[in-house]
Amino acid sequence: MSALNLEEYGAVVPLSADAERLVKSDDPEHPANLIPQLCREFYKLGWVTGTGGGISMRRGPLVYLAPSGVQKERILPEHMFVLPFAQSSVPKPGSTRDFVRVPSKKGLSESQCTPLFWNAFTARDAQSCIHTHSQHAVMLTLLLGKNAKSFRISHQEMIKGVRLGGVGKTLAFFNTLEVPIIENTAREEDLTESMAQAMADYPDAAAILVRRHGVYVWGPTWESAKTQAECLDYLFEIAVKMLQAGLPLEGDN
Ligand SMILES: CSC[C@@H](O)[C@@H](O)C(=O)COP(=O)(O)O
Ligand SMILES: [Zn+2]
C-alpha cells in the first residue's frame, strides 16, 4: 500500500486505511474543524451564501477542501476532501487527483475553487486561501467599470492590515494598495490561468478581484488570510461608498 509521509506529525499514514483520522481531531485549530467553523462566520458576512465561496487550508503536506455546491454554513469535518499538496499539475475538478481522503457521503465533489486555491499555494506559498462572493467586492468591480484592470486606494488605515503579495510585510498607511481585476468566466475553474497571470503581473497584490463575482485572498496562515480578507472587504466597501459620493480613491484631499 502506498504511504504518505507525514513527517511533521511523526507518523506514516497509509493512504485510505487511516485516512479518517485526518479529519477527526479535538483540536479546534485543526483544518477539518476550522473550515466548517469559519464558513459559518463567513456566511454571516454574506461571503459564502448560496453555496459559493469558501476557504481552503494547508496542513503539513496536505490540503483541506470543502465540498462543492453545498450549504457552506452546514459543512462538517467528515465532509472534508484531503489532497496532498505535491501534485504533478494543478488539480482541476474532473482531472486526475491523488486524494488522500474523500468523504463517504455520496454525491460530494471537491470545491470548484480548488485550482484557484492552488494558485495561491504554489505562486505565493500561502497556507490558506479564501474566496468570497461579497457584494462589496462585486459592486466595486461594477463601479470601477469594464476597462479597469485594477482597484487602487490610498490613505486608509485598513491598508495596514494587508500584506505585500499577501504573504510579505504589512503595507504602511502611505502605501497605495492595488488589487488586479480579472474577468469572470462561465466555470470557476476557467479562472485558473487568468488568476495565475494576474498574480504574476502584480507580484505585490494580496488578492485578485473577479468582476461580477467576488475575490480571492490568501495568507501565510489562516488567521492572516482572514485578517486580510476582512481589511480588503472593508476597503472594498468604503471604496464603493467613496465612488458613490464622488470622492477620489487616491490622495488625501
Ligand atoms: C452560486 S454558486 C457559484 C459557484 O459556482 C462558484 O462561484 C463558486 O464559488 C464555487 O464554489 P464551490 O466551493 O464549488 O461550491
Ligand atoms: Zn465563486
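A brief look at the structure comes next. From a predicted model like this one, the values you see are computed outputs, not experimental measurements.

**Digging into the overall build of the chain**
Part 1 of the argument: The helix and strand tally for the chain stands at five helices and ten strands.
Part 2 of the argument: Taken over C-alpha atoms, the radius of gyration comes to 18 Å for the chain, in line with the 18 Å a tight globule of 253 residues would show.
Part 3 of the argument: Scored against the burial criterion, the 253 residues of the chain give a buried share of 50%.
Part 4 of the argument: When contacts within the chain are restricted to residue pairs at least 6 apart in sequence, long-range pairs at least 24 apart make up 63% of them.
Part 5 of the argument: Carbon and sulfur atoms make up 51% of the accessible area of the chain, which totals about 11700 Å².
Part 6 of the argument: Taking the 25 positively charged and 28 negatively charged side chains of the chain as two groups, their mean positions are separated by 4 Å.

**Brief notes about the pairing of strand E8 (residues 177–182)**
Within a regular strand, side chains alternate between the sheet's two faces.
Part 1 of the argument: Burial of E8 is extensive: five of the six residues sit out of reach of the surface.
Part 2 of the argument: Bridging between strand E7 (residues 150–153) and E8 involves four bridges; their strand directions are antiparallel. Bridge pairing links Phe-151 to Val-179 in E8.
Part 3 of the argument: Of the strand pairs in this sheet, E8 and strand E9 (residues 207–210) are connected by two bridges, and their pairing is parallel. Its bridge partner being in E9, Ile-181 is matched across the sheet by Leu-209.
Part 4 of the argument: Crossover handedness for the path E8 to helix H4 (residues 192–201) to E9: right-handed.

**Some words on helix H3 (residues 135–144)**
Part 1 of the argument: For H3, the complete set of buried residues consists of Ala-137, Val-138, Leu-140 and Thr-141. Buried residues of H3, viewed axially, fall in a sector of 160 degrees; they line one side.
Part 2 of the argument: Contacts from the buried residues of H3 go to E7, E8, E9, strand E10 (214–219) and helix H5 (222–244).
Part 3 of the argument: If you check the start of H3, you find a side-chain oxygen 3.1 Å away from the backbone N of His-136, and it comes from Ser-134.

**Section: the packing of helix H2 (residues 114–123) against H4**
Part 1 of the argument: With their axes 9 Å apart at the nearest point, H2 and H4 run at an angle of 25 degrees to one another. Viewed along their axes, H2 and H4 adopt a mutual orientation that is roughly parallel. Considering how the two elements wind past one another, H2 and H4 form a crossing that is right-handed. The segment H2 lies against H4, with Pro-115, Leu-116, Asn-119, Ala-120 and Ala-123 engaging Thr-192, Met-195, Ala-196 and Met-199.

**Here we look at empty space enclosed by the protein**
Unoccupied space between atoms shows up once a probe the size of one water molecule is rolled over them.
Part 1 of the argument: For the coordinates displayed, the defined rule picks out one cavity of 30 Å³ or more.
Part 2 of the argument: In this structure, the largest cavity spans a volume of roughly 30 Å³.
Part 3 of the argument: Split by residue class, the lining of the largest cavity holds three nonpolar, three polar and one charged.

**Considering the site of ligand 1**
Part 1 of the argument: Neighbouring ligand 1 are 14 residues, the closest being Ser-68, Gly-69, Ser-111, Gln-112 and Glu-188.
Part 2 of the argument: Contacts to ligand 1 include Lys-72, whose side-chain N or O atom sits 2.8 Å from an oxygen atom.
Part 3 of the argument: Within the side chain of His-213, an N or O atom sits 3.1 Å from an oxygen atom of ligand 1.
Part 4 of the argument: For ligand 1, the protein covers 73% of the area, taking 420 Å² as the surface of the free molecule.
Part 5 of the argument: Its residues assigned to classes, the shell around ligand 1 comprises one nonpolar, eleven polar and two charged.

**Some remarks on the sheet that holds E10**
Part 1 of the argument: Here we have eight strands laid out as an open sheet, ordered E5-E4-E3-E6-E10-E9-E8-E7, and mixed in their pairing. Looking at strand neighbours, the two that pair on one side only are strand E5 (81–84) and E7, the edges of this open sheet. Each adjacent strand pair in this sheet contributes to an overall mean axis angle of 20 degrees, direction not counted.
Part 2 of the argument: Against the sheet, H3 engages E7, E8, E9 and E10, with an angle of about 70 degrees to E9.
Part 3 of the argument: Each of strand E3 (54–59), strand E6 (128–132), E7, E8, E9 and E10 is contacted by H5, which is oriented at about 145 degrees to E10, the strand it contacts most.

**Let's talk about a negative patch on the surface**
Part 1 of the argument: Together, Asp-26, Asp-27, Glu-29 and Glu-223 line one region of the surface with negative charge.
Part 2 of the argument: Under the relative-accessibility criterion, Glu-223 is labelled partly exposed at 37%.

Conventions used here
Residues numbered from 1 in each chain as written. Chains lettered and ligands numbered in written order. Predicted model: local features only at pLDDT ≥ 70, side-chain atom pairs only at ≥ 80, totals over all residues. Heavy atoms only, no water. Helix = DSSP H or I, 4+ residues; strand = E, 2+ residues; numbered from the N terminus. Rg over C-alpha atoms; globule rule 2.2 N^0.38 Å. Buried < 20%, exposed > 50% of the residue type's maximum accessible area, 1.4 Å probe, protein only. Contact = heavy atoms within 4.5 Å. Areas by Shrake-Rupley, 256 points an atom, 1.4 Å probe, with all protein chains shown as cover. Lys, Arg positive; Asp, Glu negative; His and termini not counted. Charge placed at Lys NZ, Arg CZ, Asp CG, Glu CD. Pairing = 2+ DSSP bridges. Right-handed = clockwise from strand over helix to strand, strands pointing away. Arc of directions from axis to C-beta. Polar contact = N/O pair within 3.5 Å; in protein donor to acceptor, adjacent residues only side chain to side chain. Axes fitted to C-alpha atoms, helices over the stretch in contact; angles between N-to-C directions. Parallel < 35°, antiparallel > 145°, perpendicular 65-115°, else oblique. Left-handed = near helix turned anticlockwise from the far one by under 90°. 1 Å grid on protein atoms, 1.4 Å probe; cavity = no way out; pocket = protein on both sides within 12 Å on 5 of 7 lines; lining within 4 Å. Points joined across faces, edges and corners; volume = space filled by probe spheres on them. Nonpolar A, V, L, I, M, F, W, Y, C, P; charged D, E, K, R; others polar. Near = heavy atom within 4 Å. Patch = residues over 30% accessible without salt bridge, like charges linked within 9 Å, V, L, I, M, F, W, Y side chains within 5 Å. Salt bridge = Lys/Arg side-chain N within 4 Å of Asp/Glu carboxyl O.

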